[in-house]
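Inside the fold
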Amino acid sequence: MKKSKISSRFKRKRAHLRVRKKISGSESRPRLNVCFSGQHIYAQIIDDREGKTVVGVSTTEKTLKAKAIRPNCHGATEVGKIIAERAKEKKVSGVVFDRGGFLYHGKVKALADAAREGGLEF
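Thresholds, definitions, all that
Residues numbered from 1 in each chain as written. Predicted model: local features only at pLDDT ≥ 70, side-chain atom pairs only at ≥ 80, totals over all residues. Heavy atoms only, no water. Salt bridge = Lys/Arg side-chain N within 4 Å of Asp/Glu carboxyl O. Helix = DSSP H or I, 4+ residues; strand = E, 2+ residues; numbered from the N terminus. Buried < 20%, exposed > 50% of the residue type's maximum accessible area, 1.4 Å probe, protein only. pLDDT = per-residue confidence, 0-100. Phe/Tyr/Trp six-rings, centres within 6.5 Å; stacked < 30°, edge-to-face > 60°. Lys NZ or Arg CZ within 6 Å of the ring centre and 35° of its normal. Polar contact = N/O pair within 3.5 Å; in protein donor to acceptor, adjacent residues only side chain to side chain. Contact = heavy atoms within 4.5 Å. Pairing = 2+ DSSP bridges.

Topic: the pattern of salt bridges
- Under the criterion given, the structure shown has six salt bridges.
- Put simply, aspartate 98 and arginine 31 hold a salt bridge, and the shortest N to O gap is 2.9 Å. Note that aspartate 98 is positioned in strand β4 (residues 96-98) and arginine 31 in strand β1 (residues 31-36), a separation of 67 residues in sequence.
- Residue aspartate 98 is classed as buried on the basis of its relative accessible area of 0%.
- Residues glutamate 61 and arginine 86 are paired through a salt bridge, measuring 3.0 Å at the closest nitrogen-oxygen approach. Here arginine 86 lies in helix α3 (residues 73-89) and glutamate 61 lies in the loop between β3 (52-58) and α2 (62-67), a separation of 25 residues in the sequence.
- Because the salt bridges share partners, they merge into one network encompassing Arg20, Arg31, Asp48 and Asp98.

Structural notes on the confidence of the model for the chain
- Summary statistics for the chain give a mean pLDDT of 92 and a share of 98% for residues scoring 70 or more.
- For the chain, the element scoring lowest by mean pLDDT is α2, at 88; helix α4 (residues 107-117) scores highest, at 97.

Here's the deal with the packing of aromatic side chains
- All told, the structure shown has three aromatic pairs when counted by the stated rule.
- A centroid spacing of 6.1 Å and a plane angle of 85 degrees characterise the contact between phenylalanine 97 and tyrosine 104, whose relative ring orientation is edge-to-face.
- The buried category is assigned to phenylalanine 97, whose relative accessible area is 14%.
- Ring pairing ties together the aromatic residues Phe97, Tyr104 and Phe122, which thus form one cluster.
- It is arginine 116 that lies over the ring of phenylalanine 122; its NZ or CZ is 4.4 Å from the centre.

A closer look at the side chain of serine 58
- Within the secondary structure layout, serine 58 lies in strand β3.
- There is a polar contact of 2.7 Å between the side chain of serine 58 and the side chain of threonine 60.
- Those residues within four positions of serine 58 in sequence are excluded, and the remaining contacts are Ile41, Tyr42 and Leu64.

Things to note about the side chain of asparagine 33
- Looking at the element boundaries, asparagine 33 is found in strand β1.
- You can call asparagine 33 buried: its relative accessible area is 16%.

Notes on the pairing of β1
- With five of six residues buried, β1 is to be regarded as a mostly interior element.
- Where β1 meets strand β2 (residues 41-47), six bridges bridge the pair, whose relative direction is antiparallel. Note on β2: the bridge partner recorded for arginine 31 is isoleucine 46.
- In this structure, the hairpin formed by β1 and β2 is closed by a connection of four residues.
- Relative to β4, β1 is paired through three bridges, and the arrangement is parallel. Residue pairing in the sheet places leucine 32 in a bridge with phenylalanine 97 of β4.

Here's what the structure looks like:
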């Protein structure tokens, strides 16, 4: 018998579904979702009841592309600071953190810590 191989992408998706069963964002405490691809970092603050993104940050934006932010701990710290600033502008102070199936370690932790320092409450 041949043993089937489960990809790491599939494992992350499965972990994300487990997390999303327990977490949902509301108007008072929206969900801060993070995603890391091979070249970019994405962070969104989402109100799940309305189904709308309140604030979003991505390294694909022109202003951040000029800074040449890489998807590492340093880049995650920069994105965390920016998402906190934009959340303050929209008067969002408290969020629920959705790590997106990634382990809470390294760049995920760096983004979360930078967002906390910027004024977001988890």
